[in-house]
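What follows is the residue order along each chain.
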Amino acid sequence: MPRWWVLTALMLLGRLPAAAAPTPVEPPRSKVSRPKASRAKAPPARPVTKRPVRRLPRLVPPAANKDEVRYVVEAIRVRGNKATRRQVILRKLRIKPGDTITPTDKRVETARLELLSMGLFRGVSFSLSRGSKPGRVILTVRVRERGTIVIQALHLGYSNATPFWGGIDMAENNFLGRGLHLSGAFVVGAASKNIGGSRLQHAERLRFSYPRLFGNLVGLSATLLHNEASDYFRLRGRNPDGADVENFAAVVYQRAGGTLGIFSPIGRLNHVYVDYRLEWINANLPVAAVRDYPDGRRERLRFDLRPDESFLSTLTVTFVRDTRNDPSMPSSGMRLEIAGELATTYIGSDYQFAKLQVSFQKYWLLPWKRHVVALHLFGGLIIGETPLFNKFFIGDLSELVPSRALGLNFSTRPTRNLFTNSILEKRYETVAGRGAVSYHIPLSRGGRVVYGSDFYLSVGIITMLSNRDFRIRDQGLRTAVPIDMTLDVGFRLDTYVGVFKLSFGNAFGWIPR
């Protein structure tokens, strides 16, 4: 055999494995065959872009989260506005196409509170939907409108002093769909047959409010009023129920005038109101009216009105902060109002005084069955000479005494005086205070005619003082401190035509005393 064949055979035998044992075969890991390796560099993988979902959850009040997804508002849609113009809603929203937004944006919750505070809507919600491109969304505002014509107050009652009084206060809160407020009110009360000098009482009011005098910065408000009043003052005796009307006398006076004011938002949930008030007053005062006390003392009555004609000219500045989640039936948030009124001869007033009022309400939602606890505080102080009707009245503090209707008083009843002290003699005073706690149990929500109903219980303490109480104390401390308890229990209804109370206090006020 030639030599080259031998060399070839040896080379072939050297490439064979040393053992004849078979090599184990791994089971296949996948049915898909592995691609062959390539020396060419593979192109970089395209990043996966998150596309916004078709419908995101409804926007809710937030906790700050720097890592949450941000979207660009492509368009804003408004749904459910049958009587309200779209621009009225968008002005309160303050989010424009092109702005960046998150699913828990604080601006959205603030806008919801602002829309509810207008009194035009019983429900406001927001949602996001996918826009034309990734990262773009459409913001949808859904509103549930209230009735535009509402009854703000019903005045109805009778007493030993006034055989009957009645009236109504109605408003159009969304005139022409532009958010304009127009309202009118009147009340009439019959003359008393047993009180000397008593006459027929009546009062009328017209109000107007335009929220866009200069864009979104300043609004305009105006009020016209007329009163023919016949108020009651005790001459003798001391009856805890005020039923001895023959021991009272009447002071008759007229009022005519009005207020003109401007208001403006400060921030998102604060407002400032500036009002100028001018009234003409004509009072017919009894001659030498004297109060005879049971202990023999005699004191000349002060009616806090100048005889014949006089003018009242004041300037009032009011600050309001409102964070309540619902102006009709709130379950959270607070409302603070601070008002200061000044009258001086420099602005044409015959009366000179300073008046300060502070009111505060706070609401807490309890963890069981959506019950609500509320705190109500009020305090007022007047320094100087103010007209009778501008003082604090006992009926405006206590639910157990008929309150004034459009500035008119129709009853001689004092407070109940449950603690037996000097508050029995208090009716019109310069210092007043009230603190109350109320408990609300929701009964229904979401109806078409009755939007919601609550059962409530309220208990509080009231006080009234005069300037004399700070100078002279002629009795023991327990009887000298003028405080009393007030309470109320009943039902509160939020309806298509307004908010109404069916309560023990209302019924008690109708019982003649």
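Attention in this report is confined to the structure presented alongside it. (Residues numbered from 1 in each chain as written. Predicted model: local features only at pLDDT ≥ 70, side-chain atom pairs only at ≥ 80, totals over all residues. Heavy atoms only, no water.)

The biggest cluster of nonpolar side chains holds 37 residues, and the ones touching the most others in it are Val-187, Tyr-253 and Leu-305. Of all the elements in the fold, those that place two or more residues in this core are strand S7 (180-189), strand S9 (218-234), strand S10 (248-266), strand S11 (270-284), strand S18 (392-393) and strand S21 (450-465). Residue contributions to this core peak at 3 residues, all from S10. Beyond its immediate sequence surroundings of up to four residues, Tyr-253 is in contact with Asn-227, Glu-228, Ala-229, Asn-282, Ala-283, Leu-305, Leu-388, Phe-389 and Gly-407. Judged by nonpolar contacts, the second largest core, of 22 residues, contains Leu-93, Leu-115, Val-137 and Val-141. (Core = buried A, V, L, I, M, F, W, Y, C linked by side-chain atoms within 4.5 Å. Buried < 20%, exposed > 50% of the residue type's maximum accessible area, 1.4 Å probe, protein only. Helix = DSSP H or I, 4+ residues; strand = E, 2+ residues; numbered from the N terminus. Contact = heavy atoms within 4.5 Å.)

A few words now on the sheet that holds strand S2 (residues 100-101). Within the open sheet, the 4 strands sit side by side as S2-S1-S4-S3. Their pairing is mixed. Each edge of the open sheet is held by one strand with a lone partner, namely S2 and strand S3 (121-130). Running at roughly 140° to strand S1 (residues 71-79), helix H2 (residues 86-93) makes contact with S1, S3 and strand S4 (136-145) of the sheet. Contacts from helix H3 (residues 106-117) reach S2, S3 and S4, with the element oriented near 150° to S3. (Pairing = 2+ DSSP bridges. Axes fitted to C-alpha atoms, helices over the stretch in contact; angles between N-to-C directions.)

Along the chain, Arg-146 turns up in the loop between S4 and strand S5 (149-157). C-alpha of Arg-146 to C-alpha of Gly-498: the two residues are 352 residues apart in sequence and 9.0 Å apart in space. What Arg-146 contacts, discounting residues up to four positions off in sequence, is Gly-119, Leu-120, Phe-121, Arg-122, Asp-326, Ser-328, Tyr-451, Asp-494 and Thr-495. There is a polar contact of 3.0 Å between the side chain of Arg-146 and the side chain of Ser-328. (Polar contact = N/O pair within 3.5 Å; in protein donor to acceptor, adjacent residues only side chain to side chain.)

Take the pattern of salt bridges next. In the structure shown here, the tally under the stated rule is 20 salt bridges. Of the charged contacts in the structure, one is a salt bridge between Arg-112 and Glu-109, with a shortest N-O distance of 3.0 Å. You can see Arg-112 and its partner Glu-109 sitting in helix H3, 3 residues apart, about one turn around the helix. In this structure, Arg-112 and Glu-109 share a single accessibility class: buried. Look at the salt bridges and you will find they share partners, linking Arg-255, Arg-277, Glu-279 and Glu-341 into a network. (Salt bridge = Lys/Arg side-chain N within 4 Å of Asp/Glu carboxyl O.)

Per the stated rule, a full pass over the model turns up 7 aromatic pairs. Both rings, one in Phe-263 and one in Tyr-273, keep their centres 5.6 Å apart while their planes meet at 35°; by these two values the pair is tilted. Of the two residues, Phe-263 sits in strand S10 while Tyr-273 sits in strand S11, which places them 10 residues apart along the sequence. Using a relative accessible area of 29% as the deciding quantity, one classes Tyr-273 as partly exposed. (Phe/Tyr/Trp six-rings, centres within 6.5 Å; stacked < 30°, edge-to-face > 60°.)

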